[in-house]
Amino acid sequence: IRVRPLTCTETQRGDQQVVRSLGDGTVHVSAARHDATFGFSAVFDAGASQEAVFEGSGMRQLVELAIDGFSCTVFAFGQTGSGKTYTLMGPFAQSTTQPAAPGLLGLMQRSFACLLQQSRGRGSDLALSASYLEIYNEQVRDLLSPGPPCALPLRWSKTRGFYVENQLSVDFESLETIADLLLQGSQRRRTSAHALNRHSSRSHALLTIHILRRAQSITPAPRVPQSSTCPSKQGTLCFVDLAGSERVKETGSSGQLCVEANNINRSLLALGHCISLLAKPRGKRTHIPYRDSKLTRLLARSLGGSGITLMVACISPSSRCLSETLSTLHYASRARRVTTRP
Ligand code: ADP
Ligand code: MG
């Protein structure tokens, strides 16, 4: 859980701070008619730095597991304006003119740095490539291919599970290249300004790093029998910036914004539904309706399959956000009970 600080607007308005971390992974919500404590693997308070979140959330281990061939996913979710994009990318994700101070870089840039550092340490064994997609109004669009974004088909196969056909995958070897791809893609994402956030993301964005670890002989002898070689491994590291849940009433949305909000809410509901069903004990589990939305199809493996997943739930401490905050905390508590089989 990450609790962001009160914003200037919230402070000026005189909003009360109703969420506090009590240490030991617990978070306490206290307001007029609510008094509840929730427990999680880790809770980051308003004062926590981006580095503390990277080190304390298990993100570094996730990068290492991806290099070892696992499918790893981190996703940020929470109400619009709760700090999802900030946590993943830092404060200036939408700006080219003002690069973020190194201390404010988010989980993504920190993971890239960690990955490239490990990659250099291993010489040429690792081949890295990236793809970047958004789901906007239930359409999957490529954020890296040039030209106006066009919808790509989402397919299913027995060997690959759900996958996006014809998505562009770009090779990279340096931190500058991947940071550039992230910036280019983020700028193509659909965002709109509304009452809760000036740069509200109107789409779910999925950036996936594909890590191929080439097969390698353990001894450099010329005639090594097949059995003593280290097989090639293919891992993935996927970052999911979910569009925020929102109440149309509070964001003052109408027309197109309202259609977007309904699509966002519907796919988040499908995600919540899958998580609730996955959280049931294995024996009592019924069919998981991944096919209910594009988002749940693309996340099927991360949610209930063979992936390793870190979920960062972002919340605002403000009294005005109380009901959304409680719903995020309940959602996260359910998600915590889900187990996958990596
Ligand atoms: P979301 O992506 O959830 O809609 P943002 O990440 O865009 O929300 O955050 C909303 C606003 O709050 C932004 O101006 C952002 O800079 C600020 N913010 C969010 N989290 C923090 C934090 N931990 N520390 C300081 N400012 C934050
Ligand atoms: Mg955002």
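Residues numbered from 1 in each chain as written. Chains lettered and ligands numbered in written order. Predicted model: local features only at pLDDT ≥ 70, side-chain atom pairs only at ≥ 80, totals over all residues. Heavy atoms only, no water.

- As annotated in an unreviewed UniProt entry, the protein carries the name Kinesin-like protein and comes from Aegotheles bennettii.
- Turning to the protein, the UniProt record has this under Subcellular location (unreviewed entry): "Cytoplasm, Cytoskeleton". (UniProt positions renumbered as here; feature names shortened; annotations may be inferred.)

**Remarks on the pattern of salt bridges**
Here is step 1: Counted under the stated rule, the structure contains eight salt bridges.
Here is step 2: For Arg 13, the salt bridge is made with Asp 15, and the minimal N-O distance between the two is 2.6 Å.
Here is step 3: A residue is classified by how much of its surface remains accessible, and Arg 13, at 42% relative accessible area, is partly exposed.
Here is step 4: A salt bridge links Arg 213 to Asp 68, with the shortest nitrogen-to-oxygen separation between them at 3.0 Å. With Arg 213 in strand S14 (residues 204-213) and Asp 68 in the loop between helix H3 (59-67) and strand S5 (71-77), this residue pair connects regions lying 145 residues apart in the sequence.
Here is step 5: Three or more residues are tied together by salt bridges with common partners; here these are Arg 13, Asp 15 and Arg 320. (Salt bridge = Lys/Arg side-chain N within 4 Å of Asp/Glu carboxyl O. Buried < 20%, exposed > 50% of the residue type's maximum accessible area, 1.4 Å probe, protein only. Helix = DSSP H or I, 4+ residues; strand = E, 2+ residues; numbered from the N terminus.)

**Description of the nonpolar core**
Here is step 1: In terms of nonpolar packing, the biggest core is built from 47 residues, with Ile 1 and Leu 271 touching the most fellow members.
Here is step 2: Those residues in contact with Ile 1 that sit more than four places away from it in its chain are Phe 40, Ala 42, Val 43, Phe 44, Ala 313, Ile 315, Leu 329 and Ala 332.
Here is step 3: Formed by 40 residues, the second largest nonpolar core is a distinct cluster that contains Phe 112, Ala 130, Ile 178 and Val 312. (Core = buried A, V, L, I, M, F, W, Y, C linked by side-chain atoms within 4.5 Å. Contact = heavy atoms within 4.5 Å.)

**Some points on the sheet that holds strand S3 (residues 26-31)**
Here is step 1: Pairing within the open sheet is antiparallel, and its three strands lie in the order S2-S3-S4. This sheet does not close on itself; its edge strands, each paired only once, are strand S2 (19-23) and strand S4 (34-39). Sheet twist, expressed as the average angle between the axes of neighbouring strands with direction ignored, equals 20°.
Here is step 2: Alignment of S3 against S4, held across six bridges, turns out to be antiparallel. If you follow Val 27 over to S4, its bridge partner there is Phe 38. (Pairing = 2+ DSSP bridges. Axes fitted to C-alpha atoms, helices over the stretch in contact; angles between N-to-C directions.)

**Considerations on the environment of Gly 69**
Here is step 1: Mapped onto the elements of the fold, Gly 69 is located in the loop between H3 and S5.
Here is step 2: Note on Gly 69: relative accessible area 25%, which makes it partly exposed.
Here is step 3: In contact with Gly 69, not counting residues within four places along its chain, are Lys 233, Gln 234 and Gly 235.

**Topic: unusual backbone geometry**
Here is step 1: A positive phi angle, close to 55°, is found at Asp 24, a residue other than glycine.
Here is step 2: Position of Asp 24 relative to the elements: it lies in the loop between S2 and S3.
Here is step 3: Despite not being glycine, Asn 137 shows a phi value in the positive range, around 45°.
Here is step 4: Along the polypeptide, Asn 137 turns up in the loop between strand S6 (126-136) and strand S7 (139-142).

**A word on the packing of helix H5 (residues 107-121) against helix H6 (residues 175-188)**
Here is step 1: For the pair H5 and H6, the least separation of the axes is 10 Å and the interaxial angle reads 155°. As judged from the angle between their axes, H5 and H6 are roughly antiparallel. Helix-helix and strand crossings are classified by hand; for H5 and H6 the assignment is right-handed. Counting all contacts with H5, which are made through Met 108, Gln 109, Phe 112, Ala 113 and Leu 116, the residues of H6 involved are Leu 175, Ile 178 and Leu 182. (Parallel < 35°, antiparallel > 145°, perpendicular 65-115°, else oblique. Left-handed = near helix turned anticlockwise from the far one by under 90°.)

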